[in-house]
Amino acid sequence: MIYLDNAATSWPKPPEVLKAMTDVLEHAGGNPGRSGHRLSIAAARVVYDTREEIAQFFNISDPQRIIFTSNATHAINLVLRGILKPGDHVVISSIEHNAVMRPLRSLERQGIHLTIVPCAAHGTLDISKFERATGSTTKLIVMTHASNVTGTLLPITEIASIAHRAGALLLVDAAQTAGALPIDVPAMGIDLMAFTGHKELQGPPGIGGLVIADDVEVSQIEPLMRGGTGSRSESDEQPDDLPDKFESGTANLAGIAGLGAGLKWVKDRGVDEIRDHLKKLSQALLDGLSTLPQVRIYGTLDTERAVAIVSFTVAGKSVSEIGLRLDEEYGILSRVGLHCAPAAHKTIVSFPEGTVRLAPGVFTTLEDVQEAIQAIAKVIES
Amino acid sequence: MTQYGVVLFYTTSSVMQAEKLLKTEGCSIKLVPTPRQFSSDCGIALRFDWDCREKIKLVLDDAKIEFDAVYFLDKQ
Ligand SMILES: Cc1ncc(COP(=O)(O)O)c(C=O)c1O
C-alpha cells in the first residue's frame, strides 16, 4: 500500500508518537492541573512541555500564548467568533477551506461584511487586489498559508503588511504548513495562527492549537467556550489568564503528548530536511504526471512555491473512478473530490467534479512516487 | 529544620513554567497541592526553601511569570 493522502492526515505516525500516547496514559494519567497529586502534576508537565516546544518552534517567546484546541477548525472558530462583531469587515482569499468559509458565512448572517478576493485560476494571489479590498473598517484578514487543493503557498508576509497598514489583524490557517516548512510567526508578521496536530506535525487527530503572537492584545478575543480551568475556582466567571481563558474543560492529554512527540520527531529530523524531501517528491510527481496523456495538473508547478500537494484530473475519466481504481487495483490511496474546499475548486475551475489529490508525506519514498505514476498511467490507458 | 514558603499562581501552566525555570536556577523546590489555608482553589502550588524567596521572586519577575502571592509555611 502507498499512502498519498498526507494532506488529509499524515500516516503512518512515527512510533514515538504512539509510545508517548500510551506512556502518558499509563504513567501520568492524572487530570492536568485539577488536582495536586503526583499523577496530576506529571500530566501538567507533559502539557506544559508540549506548549513550550510549540512556542519555540513558531518563535513565540511566551509559551502561555499557545492555546490547545481540538484541531485547526476549532482554533479558527475561536478567533472568528471571539473577535468579530456586527459591522466588522473581513477579507479572505478565494481558496480558503470550509473551516474558514463556513463560520464566516454564518457570521455574515449576523452582520459581518465579507470580501473574498479571487485568486488566479492557477491558485496564486494578486496582492494589489487584496490591498484594494482592505480598508479602515477591516478588522481581520484570514488566509490559508497553503491551499489544501493545489499546495500553492500564499504570500503571508506581504498580506501581513497590508493587514497592519489597515489596522487589521492577520489570522493564518497553517493546517497544511505547520511541520512541513519553517514558520517564524513574528518574522512573517502573523498575529494569530491556527494549526492542526494530525498532519505534518505528525501528531494524532483531535489536537491542534492557536498561536497568539507576543504583541497581540488578548482582551479583544472572547473565549469560544467557558468552564472549569482548575484555576481561580472561587470565581464563577471565566478567568482572563492565558492559556486558561481559552482552555476550558479537561485537556486532550494523550493528544498533547502525541503532538509533543510528533513535533520532537520533526525537530530531530529537521524541518528544512523535511521540506527538501517533500519538494523532491512533489517534483517527481509533477514530472511523472506531466508525461501522461490527458492529464491536467492544477496549481503552480514550481515546488518552491507550494507544499507537497498535487491535484490533477484526466480528460474523459471521473475522479472517483480514478481514486477507486488506484485504491482497489494498485493499493494507492489518494483523495478525490472537493477536499472540503469548494471555493478553491471554483477558483481553479475544477468545480463541482473536483480533482484527484496526491499528497506524499515524510515516510513516502521516490520509489513510491514512481510506482504511483505507473499505476496512474495504467488507469488512464484502460 | 528547613523552613518553607509557597508561591501560588493563577494558572497551572504558570506553575509548570516556573518549576522548569527555577530548577535550572538551582533552587530547591517541589510542587504540592495548594495548602487549604491560602486558597479555596484546587490545584498545584510551588513550595520552596524560605531562604530562596528573594531569588524566586527575582526569577519569576524576570521571566514575567505572574504569581498570586508568596506565603510563609509555618507547618508542613
Ligand atoms: C487548509 C486547511 N484548513 C483547515 C483544515 C482543517 O483541519 P482540521 O480538520 O484538523 O481542523 C484543513 C484540513 O483538513 C486544511 O487543509
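Predicted, not measured: the structure shown is a model, and the values here were computed from it. As a convention, each chain's residues are numbered from 1 in the sequence order in which they are written. By the order in which they are written, chains take letters starting at A while ligands take numbers starting at 1. Side-chain atom pairs in this predicted model are given and counted only at pLDDT of 80 or more, local residue features only at pLDDT of at least 70, and totals for whole chains, interfaces and linings cover all residues. No hydrogens and no water enter the side-chain calculation; it runs on all heavy atoms of the structure.

Re the overall build of chain A
Moving on, step 1. Here a strand is any run of E in DSSP of at least two residues, a helix any run of H or I of at least four, and the numbering for each starts at the N terminus. The secondary structure content of chain A amounts to 12 helices and 13 strands.
Moving on, step 2. In terms of overall dimensions, chain A is globule-like: its C-alpha atoms have a radius of gyration of 21 Å, near the 21 Å expected for 382 residues.
Moving on, step 3. Taken along the three principal axes of its C-alpha coordinates, chain A extends 70 × 50 × 35 Å.
Moving on, step 4. When contacts within chain A are restricted to residue pairs at least 6 apart in sequence, those whose partners lie at least 24 apart make up 68%.
Moving on, step 5. We get accessible surface area from the Shrake-Rupley algorithm with a probe of 1.4 Å; when it comes to residues, only the shown protein chains can shield them. A total accessible area of about 14800 Å² is found for chain A, and carbon and sulfur atoms account for 52% of it.
Moving on, step 6. In summary, the charge assignment counts Lys and Arg as positive and Asp and Glu as negative, without counting His or the chain termini. Lysine's charge is taken at NZ, arginine's at CZ, aspartate's at CG and glutamate's at CD. Counting 34 positive and 45 negative side-chain charges, chain A places the centres of these two groups 4 Å from one another. Radius of gyration here is computed from C-alpha atoms only, and the compact-globule reference equals 2.2 Å multiplied by the residue count raised to the power 0.38. Every residue pair with non-hydrogen atoms within 4.5 Å of one another is taken to be in contact.

Considering the overall build of chain B
Moving on, step 1. Helix and strand counts for chain B stand at two helices and four strands.
Moving on, step 2. Each helix and strand of chain B, placed in order from N terminus to C terminus, yields the pattern β-α-β-β-α-β.
Moving on, step 3. Computed over C-alpha atoms, the radius of gyration of chain B comes to 11 Å, within 12% of the 11 Å expected from 2.2 N^0.38 for 76 residues, which places it in the range of a compact globule.
Moving on, step 4. Seen through its C-alpha atoms, chain B measures out along the principal axes to roughly 30 × 30 × 15 Å.

Considering the site of the ligand
All names here are of chain A.
Moving on, step 1. The immediate surroundings of the ligand are formed by 13 residues, with T73, D173, T196, H198 and K199 found nearest.
Moving on, step 2. As used in this structure description, the phrase polar contact means that two N or O atoms lie within 3.5 Å; if the pair is within protein, one of them must be able to donate a hydrogen and the other to accept it, and residues adjacent in sequence are counted only when both atoms belong to side chains. In this structure, D173 approaches the ligand through a side-chain N or O atom, which is 2.5 Å from a nitrogen atom.
Moving on, step 3. Between an oxygen atom of the ligand and a side-chain N or O atom of K199, the distance comes to 2.9 Å.
Moving on, step 4. Here the ligand loses 88% of its free accessible area of 390 Å² to cover by the protein chains.
Moving on, step 5. Basically, the charged four are Asp, Glu, Lys and Arg, the nonpolar ten are Ala, Val, Leu, Ile, Met, Phe, Trp, Tyr, Cys and Pro, and anything else, Gly included, counts as polar. Across the shell around the ligand, the residue classes break down as three nonpolar, eight polar and two charged. We call a residue near a molecule or strand as soon as one heavy atom of that residue lies within 4 Å of the molecule or strand.

Some details on the domain arrangement of chain A
Residue and element names in this part refer to chain A.
Moving on, step 1. Considered domain by domain, chain A is made up of domain 1 (2-10 + 270-381) and domain 2 (15-268).
Moving on, step 2. The interface is formed by 35 residues belonging to domain 1 together with 35 residues belonging to domain 2.
Moving on, step 3. Two parts placed together each lose some accessible area under a 1.4 Å probe, and adding up what both lose gives the buried area. Summed over both sides, the interface of domain 1 with domain 2 buries roughly 2700 Å², with 58% coming from carbon and sulfur.
Moving on, step 4. Broken down residue by residue, the surface that domain 1 buries against domain 2 is led by V271, V307 and T347, which jointly contribute 20%.
Moving on, step 5. We count a salt bridge whenever a side-chain nitrogen from Lys or Arg sits within 4 Å of a carboxyl oxygen from Asp or Glu. At the junction of domain 1 and domain 2, the tally comes to zero salt bridges.
Moving on, step 6. Across the domain 1-domain 2 interface, the total number found is 17 residue pairs in polar contact (both at pLDDT 80 or more). Each domain span listed reflects an automatic or database assignment of domains.

Some remarks on unusual backbone geometry
All names here are of chain A.
Moving on, step 1. Omega for the peptide link from L242 to P243 comes to 0°, which places this bond in the cis form.
Moving on, step 2. Residue position: P243 is located in the loop between β8 (208-212) and α8 (253-269).
Moving on, step 3. Of note, the bond from F351 into P352 is cis; its omega dihedral lies within 30 degrees of zero at 0°.
Moving on, step 4. Unusually for a residue other than glycine, N59 sits at a positive phi of about 60°.
Moving on, step 5. Here N59 is to be found in the loop between α2 (38-57) and β2 (66-69).
Moving on, step 6. We note that C340 has phi near 55°; this positive angle belongs to a residue other than glycine.
Moving on, step 7. Along the chain, C340 falls in the loop between β12 (335-337) and α11 (342-347).

Details of the sheet that holds β8(A)
All names here are of chain A.
Moving on, step 1. Two strands are counted as paired when DSSP detects at least two bridges linking them. Across the sheet, seven strands lie side by side as β2-β8-β7-β6-β5-β3-β4; this open sheet has mixed pairing. The sheet is open, and its two edges are formed by β2 and β4 (113-117), each paired on a single side. Each adjacent strand pair in this sheet contributes to an overall mean axis angle of 20°, direction not counted.
Moving on, step 2. Summarising the sheet, strand β6 (residues 169-173) and strand β7 (residues 192-196) pair through three bridges and their orientation is parallel. The partner of L171 across the bridge, within β7, is L192.
Moving on, step 3. Lines are fitted to the C-alpha atoms to define the axes, a helix being fitted only along its stretch in contact, and any angle between axes, read from their N-to-C directions, falls within 0 to 180 degrees. Running at roughly 120° to β2, α2 makes contact with β2 and β7 of the sheet.

A few points about helix α1 (residues 15-27) of chain A
All names here are of chain A.
Moving on, step 1. Multiplying 1.5 Å by the helix residue count minus one yields the expected span of that helix. The end-to-end C-alpha separation of α1 is 18 Å, in line with the 18 Å expected for 13 residues at 1.5 Å each.
Moving on, step 2. Only protein chains enter the accessibility calculation, which uses a 1.4 Å probe. A residue is then buried if its area is under 20% of the maximum for its type, exposed if over 50%, and partly exposed in between. Those residues of α1 lying buried are V17, A20 and V24. All buried residues of α1 project into a common sector of 60° when viewed along the axis, lining one side. Within α1, the exposed residues directed more than 90 degrees away from the buried face are P15, L18, K19, L25, E26 and H27.
Moving on, step 3. In this structure, the buried side of α1 is in contact with α2 and α8. Within this analysis, the arc is defined by the directions that extend from the helix axis to the C-beta atoms.

Some details on the packing of helix α9 (residues 271-290) of chain A against helix α12 (residues 366-381) of chain A
Residues and elements named next belong to chain A.
Moving on, step 1. At a minimum axis separation of 10 Å, α9 and α12 run at an interaxial angle of 20°. In terms of their interaxial angle, α9 and α12 are classed as roughly parallel. Once α9 is placed against α12, the crossing between them reads as right-handed. Side by side, α9 and α12 meet where K280, L281, A284, L285, G288 and L289 of the first sit next to L366, V369, Q370, I373 and I376 of the second. For classification purposes, an angle smaller than 35 degrees is called roughly parallel, one larger than 145 roughly antiparallel, one from 65 to 115 roughly perpendicular, and anything else oblique. Handedness of a crossing is defined here by the sense of rotation of the near helix relative to the far one, left-handed for an anticlockwise turn of less than a right angle and right-handed for a clockwise turn.

Description of the side chain of D244(A)
Moving on, step 1. With respect to the element layout, D244(A) can be found in the loop between β8 and α8.
Moving on, step 2. Excluding its chain neighbours within four sequence positions, the residues that come into contact with D244(A) are T229(A), S231(A), Q238(A), P239(A), Y10(B), T11(B) and T12(B).

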